[in-house]
Structure formats: structure tokens, C-alpha cells
Amino acid sequence: MRTTIVKHISNPLEFKQQLLHWANQFREVAFLDSNNYQQDYSNYDCVVAVEAFTSIQTDYHNAFEDLYQYQSYAKDWLFGYLSYDVKNDIEALQSKNYDGLDFPDLFFFQPKKLLFLKRKRIGNQLSKYVR
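Computed from a predicted structure; not experimentally measured.

Brief notes about the nonpolar core
By size, the foremost hydrophobic cluster in this structure holds 10 residues: Ala-30, Tyr-44, Val-47, Ala-49, Ala-52, Phe-79, Phe-107, Phe-109, Leu-114 and Phe-116. Mapped onto this core, the elements with two or more residues apiece are β3 (46-58) and β5 (106-118). The element that contributes the greatest number of residues to this core is β5, accounting for four residues. What Phe-107 contacts, discounting residues up to four positions off in sequence, is Glu-28, Ser-55, Ile-56, Gln-57, Phe-79, Gly-80 and Tyr-81. Listed in part, the nine residues of the second largest apolar core include Ile-9, Ala-23, Phe-26 and Ile-122.

Focus on the side chain of Glu-28
Examined against the element boundaries, Glu-28 turns out to sit in the loop between α1 (12-23) and β2 (29-33). For Glu-28, a relative accessible area of 15% gives the class buried. In contact with Glu-28, other than residues within four places in its own chain, are Ala-49, Val-50, Glu-51, Ala-52, Phe-107 and Phe-109.

Remarks on the pairing of β5
A large share of β5 lies buried, amounting to 10 of its 13 residues. Bridge count between strand β4 (residues 79-82) and β5: four bridges; the pairing is antiparallel. What sits directly across from Gly-80, in β5, is Phe-108. When β5 meets strand β6 (residues 121-123), the two strands line up antiparallel, connected through three bridges. Across the sheet, Lys-118 pairs through a bridge with Arg-121, a residue of β6. Taking the residues that link successive antiparallel strands as the turn, the β5-β6 hairpin has two residues, and the phi of Arg-119 there is positive, at about 55°.

Focus on the environment of Leu-117
Take Leu-117: it is sitting in strand β5. For Leu-117, a relative accessible area of 1% gives the class buried. In this structure the C-alpha to C-alpha distance between Leu-117 and Val-48, which are 69 residues apart in sequence, comes to 8.5 Å.

Notes on unusual backbone geometry
Positive phi values are uncommon outside glycine, yet Asn-62 reaches one of about 60°. With respect to the secondary-structure elements, Asn-62 resides in the loop between β3 and α2 (63-74). According to the relative accessible area criterion, Asn-62 is partly exposed, its value standing at 49%. Even without glycine at this site, Asp-102 takes up a positive phi of about 60°. Inspection of the secondary structure puts Asp-102 in the loop between β4 and β5. You can call Asp-102 exposed: its relative accessible area is 63%.

Quick notes on the rules
- Sequence positions are assigned chain by chain, starting from 1 and proceeding in written order.
- Note on the predicted model: pLDDT of at least 70 is required for a residue's local features to be given, and 80 or more for side-chain atom pairs to be given and counted; whole-chain, interface and lining totals, by contrast, use all residues.
- Side-chain figures throughout are based on the complete set of non-hydrogen atoms in the structure, without hydrogens or water.
- Only buried residues count toward a nonpolar core. Its members are Ala, Val, Leu, Ile, Met, Phe, Trp, Tyr and Cys residues joined through side-chain atoms within 4.5 Å.
- For the exposure calls, accessible area comes from a 1.4 Å probe over protein chains only, and a residue counts as buried if that area is under 20% of its type's maximum, exposed if over 50%, partly exposed in between.
- Strands are runs of DSSP state E lasting at least 2 residues, helices are runs of H or I lasting at least 4, and numbering of each runs from the N terminus.
- In this description, contact between two residues means that some pair of their heavy atoms is separated by no more than 4.5 Å.
- For two strands to be treated as a pair, DSSP must find at least two bridges joining them.

Following this line, the structure appears as C-alpha cells:
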């Protein structure tokens, strides 16, 4: 169960920089920034998810099924990525490129802390406060 907190901030641009600096202390971080794009295509100016409560990482074999099972279990916000090699699970393809990073083919996490920035409000559930 997430706790709902909403705060007013005076300088959203400066606050985003401070928020990114703060997030740097965590192992798992997703920082999604609309870069002040002024169209109505996004619900938030910035979304920050940090610190895994739970996570999944796997290679490309059965990656989509594993992700589906994880999402069904978590029933919460999930942040992460799919690598290019996940295509190998759905097509008869193989990549033989050098991978110097050695990241898993799929990684998603359920964040302990989830923050949304919209206009001059920061909180973990803003949809009922701003439109």
C-alpha cells in the first residue's frame, strides 16, 4: 500500500535537478522527464522511481512470459527495459554482437519510492490533484 503525499514546490526546474541528484544514491532508478514539452501528450512533467521493492531479471528465453508472471504478481508500477536480444525469443534470430556491459536481457523493478511532478506539485499520486 502506497502512502499519498503531495507537496507544493516553488521552482520545478531546480527541483528536478535536486531530485536527480537525490536518486543517484539508489541502485535502481528510473527518471522520466518530459523536458518541459508543452503538449497534452503526457500526464506528468517528471516521474521518478527508485529502490526496488521487488525485481526481475532474465535472459531472453521466455522473457515475455516471465515478465507477464512478474506483472501479475506485483500488480503495481513497474519500470525497466527490454534489450534488443529479447527479439530472439519471438523470432528465429540470433545476435552475435559483443556485449561489454553484460546487462540482463530483461530487467524490471517495482519501486519502493515513486514520485510524480506536475506543474508545481510533487507527490506519489497526483492524478486527482492536477489535470
